[in-house]
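# Structural description and commentary
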Amino acid sequence: MHYSIKGDNFPVVVCEMTEGESLITEAGAMGWMSDNFKMDTNMKGGLMGGISRMFSGESIFLNTYTCSHGVGSIAFPSSFPGKLIARELSADESIICQKGAFLAGSNTLSLEVHFRKKLSTGFFGGEGFILQKVTGPGIVFLEFDGYIEEILLAPGEKLKVDTGNVAMFEPSVNFDIEMIKGVKNMLFGGEGLFLTTLTGPGKVYVQSMPIQNLAGRLSHYMYTGSEK
């Protein structure tokens, strides 16, 4: 399979596949495809696998697209402004990402729910107790909000991130939260009560415009506009 990611703020991944090659996708993710693809809707991993995906922000059912003959082309556009990232995972290699990040990938991938161990992290870490864990082998296409910055943390190196701006990180990175110091900072700093802390070693990916922040800004203008 060959692929290319096109577009700027509204990206799309276009995959060129040969006979017998397959991709799994989130329901409704396909944008367009050539006539030589067969679609099969299934509950990959059985009932428990479907329920696990539901809790991690995906649909219970997945679609499998298989090229039936010749060479075919299939495209998966991002569902919101942001960036698409392709990540090739080796056998048993995993990546942990925000809920709903999975767009498409090899049918050899395993999609699981990832629970945060600490109660405090679940309540105040920005995305609740649940994240999404993708395990190889295979290639995975992930969609994130706004611009993505990739940061490599050394062992023991700590990065403080505003709630919701964590897009993805490697399993070797420790995810936790800490309370903002100073009552004045808590009340008037605009950053809430807590910050997420990511401690190396490993790569982390942070996003510039979490979709919930964008929705909050838009709802403010829609609400004020309706009062006029």
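Up top is the structure these notes are about.
Source: prediction; values computed, not measured.

### Quick look at the overall build of the protein chain
Along the backbone of the protein chain there are 4 helices and 19 strands. Scored against the burial criterion, the 228 residues of the protein chain give a buried share of 43%. Of the roughly 12000 Å² of accessible surface on the protein chain, 59% is carried by carbon and sulfur atoms.

### Quick notes on the environment of Cys97
Residue position: Cys97 is located in strand S9 (residues 94–97). Excluding residues that lie within four positions of it along the chain, Cys97 makes contacts with Leu131, Gln132, Val134, Leu142, Phe144, Ala167 and Met168.

### Re the pairing of strand S7 (residues 71–77)
Two strands pair when backbone bridges link them, and strand S2 (residues 12–18) and S7 are joined in this way by 7 bridges, in the antiparallel orientation. Pairing of Met17 across the sheet is with Gly72, part of S7. Relative to S7, strand S4 (residues 32–33) runs antiparallel, the two being bridged by 2 bridges. Its bridge partner lying in S7, Trp32 is registered against Ala75.

### Remarks on the sheet that holds S2
Strand order across the open sheet formed by 4 strands is S1-S2-S7-S4, with antiparallel pairing between neighbours. Looking at the sheet topology across the chains shown, the edges are occupied by strand S1 (2–6) and S4. The pairing of S1 with S2 spans 5 bridges and is classified as antiparallel. By the bridge assignment for S2, Ser4 is matched with Val14.

### Observations concerning unusual backbone geometry
Residue Pro137 is reached from Gly136 by a cis peptide bond, and omega for that bond is 20 degrees. Following the sequence through the fold, Pro137 ends up in the loop between strand S12 (130–135) and strand S13 (138–145). With an omega of 20 degrees, the peptide bond running from Gly200 to Pro201 counts as cis. A positive phi angle, near 70 degrees, is found at Asp92, a position not held by glycine. Turning to its location among the elements, Asp92 is positioned in the loop between strand S8 (82–89) and S9.

### Observations concerning the nonpolar core
Counting residues in hydrophobic clusters, the biggest one holds 18 residues, and the most contacted among them are Cys97, Phe102, Val134, Val140, Leu142, Phe144 and Met168. At the level of elements, S8, S9, S13 and strand S16 (166–169) are the ones that each hand at least two residues to this core. When residues in this core are grouped by element, the largest group, 3 residues, is from S13. Those residues in contact with Val134 that sit more than four places away from it in its chain are Leu89, Glu93, Ser94, Ile95, Cys97, Leu109, Ser110, Leu111 and Val140.

### A look at the pattern of salt bridges
Tallied over the entire structure, the rule returns 4 salt bridges. The shortest N-O distance in the salt bridge between Arg87 and Glu170 comes to 3.1 Å. Of this pair, Arg87 sits in strand S8 while Glu170 is found in the loop between S16 and strand S17 (174–179), placing the two residues 83 residues apart along the sequence. We note a salt bridge from Glu150 to Lys203, for which the minimum N-O separation is 3.2 Å.

### Digging into the sheet that holds S17
Pairing within the open sheet is antiparallel, and its 3 strands lie in the order S15-S18-S17. Looking at which strands have only one partner, the edges of the open sheet turn out to be strand S15 (158–161) and S17. Going across the sheet, the axis of each strand differs from the next one's by a mean of 30 degrees, ignoring polarity. As paired strands, S15 and strand S18 (residues 194–199) are joined by 4 bridges and run antiparallel to one another. Considered in S18, the bridge of Lys160 is made with Thr197.

Rules and cut-offs
Residues numbered from 1 in each chain as written. Predicted model: local features only at pLDDT ≥ 70, side-chain atom pairs only at ≥ 80, totals over all residues. Heavy atoms only, no water. Helix = DSSP H or I, 4+ residues; strand = E, 2+ residues; numbered from the N terminus. Buried < 20%, exposed > 50% of the residue type's maximum accessible area, 1.4 Å probe, protein only. Areas by Shrake-Rupley, 256 points an atom, 1.4 Å probe, with all protein chains shown as cover. Contact = heavy atoms within 4.5 Å. Pairing = 2+ DSSP bridges. Core = buried A, V, L, I, M, F, W, Y, C linked by side-chain atoms within 4.5 Å. Salt bridge = Lys/Arg side-chain N within 4 Å of Asp/Glu carboxyl O. Axes fitted to C-alpha atoms, helices over the stretch in contact; angles between N-to-C directions.

Any functional reading would require information beyond the geometric quantities listed.
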